[in-house]
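# Structural features, examined
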Amino acid sequence: MLTKRIIPCLDVKNGKVVKGVNFLGLKDVGSPPDMAEEYSNDGADEITFLDIAASLEYRQTTLDLVSETAKRVFVPLTVGGGIRSADEMRDALNAGADKVSVNSAAITNPKMISESAERFGRQCVVIAIDVKKVGKGWEVLSHGGTRATGLDAIEWAKRAEDLGAGEILLTSMDADGVKNGYDIAVTAAIADEVNIPVIASGGCGKLEDFYEVFTQTNVSAALAASVFHYKQFTVMQVKEYLKDKGVPVR
């Protein structure tokens, strides 16, 4: 089994890290560069920086803040939010991102995935998929989880891979911030259907949730926010717990 990655997530709005429940009720919890540096020093395998209001506000990610954050960390930094073209992906990479996460723009213009993969390498292209349970399946939502797309989540993940995505960041809106555990059903379904790494996101509330998602699905990484932001436990404590349970971590 390949080693599993632990990824703290910084949801950023108005220059501050924020956290809510089901994408709502956001509260400021800190400074992106300061928090990223803390997590980097504590053993995070990567940091994800998402400008969560950028798509809704029809603007690009705040690149000066990305640059400041990138200077403070020594692990890969994934940046997303409002990236609308391969040129804007280039700008984010030039600002210090190692990978760029795209959601809404890829849905509107899937060719962007192929163009970006050709220009920068598919290892730089992360497709973020926000999903919600609808009937017997899961629907993809865009623009910070505010717009239904009619896309089936599993089919969209497979298409994104075919177009050149190097990784999928899968967030269950039903589970986000609730702290009842990752959405195992949709996470397992998508991870089983693609051959690229999948990052599980949304719902982590206790150490056991990391163990569950790594042992019940084929994800490569688990992303969490609240449990780290509010000092419920540290990245290193997660890794020590997983090692004791026989899950390989870096």
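Residues numbered from 1 in each chain as written. Predicted model: local features only at pLDDT ≥ 70, side-chain atom pairs only at ≥ 80, totals over all residues. Heavy atoms only, no water.

Applying the stated rule across the entire model yields five aromatic pairs. Between tyrosine 39 and phenylalanine 228, the ring centres sit 6.0 Å apart and the planes meet at 55°, which makes this aromatic pair tilted. Taken as a pair, tyrosine 39 in helix 1 (residues 32-41) and phenylalanine 228 in helix 9 (residues 226-229) lie far apart in primary sequence, 189 residues in all. Take phenylalanine 228: its relative accessible area is 2%, and that puts it in the buried class. Residues phenylalanine 228 and phenylalanine 233 carry aromatic rings whose centres are separated by 6.1 Å and whose planes lie at 85° to one another, so their mutual orientation is edge-to-face. (Phe/Tyr/Trp six-rings, centres within 6.5 Å; stacked < 30°, edge-to-face > 60°. Helix = DSSP H or I, 4+ residues; strand = E, 2+ residues; numbered from the N terminus. Buried < 20%, exposed > 50% of the residue type's maximum accessible area, 1.4 Å probe, protein only.)

Quick look at the pattern of salt bridges now. Within the structure shown, the criterion is met by 17 salt bridges. Among the ionic pairs, arginine 119 bridges to glutamate 115, the shortest N-O distance being 3.5 Å. Of the two residues, arginine 119 and glutamate 115 are both situated in helix 5 (residues 111-120); the distance of four residues between them amounts to about one turn of the helix. Judged by its relative accessible area of 39%, arginine 119 falls in the partly exposed class. A cluster of three or more residues bridged by salt bridges with shared partners is formed by Asp87, Arg90, Asp91, Glu115 and Arg119. (Salt bridge = Lys/Arg side-chain N within 4 Å of Asp/Glu carboxyl O.)

For helix 6 (residues 153-163), the full list of buried residues reads Ala153, Ile154, Trp156, Ala157, Ala160 and Glu161. Down the axis of helix 6, the buried set is contained in an arc of 165°. They therefore lie on one face. Where helix 6 begins, the side chain of aspartate 152 points an oxygen toward the backbone nitrogen of isoleucine 154, at a separation of 3.2 Å. Phi for glycine 164, located one or two positions after helix 6, is positive at around 125°. (Arc of directions from axis to C-beta. Polar contact = N/O pair within 3.5 Å; in protein donor to acceptor, adjacent residues only side chain to side chain.)

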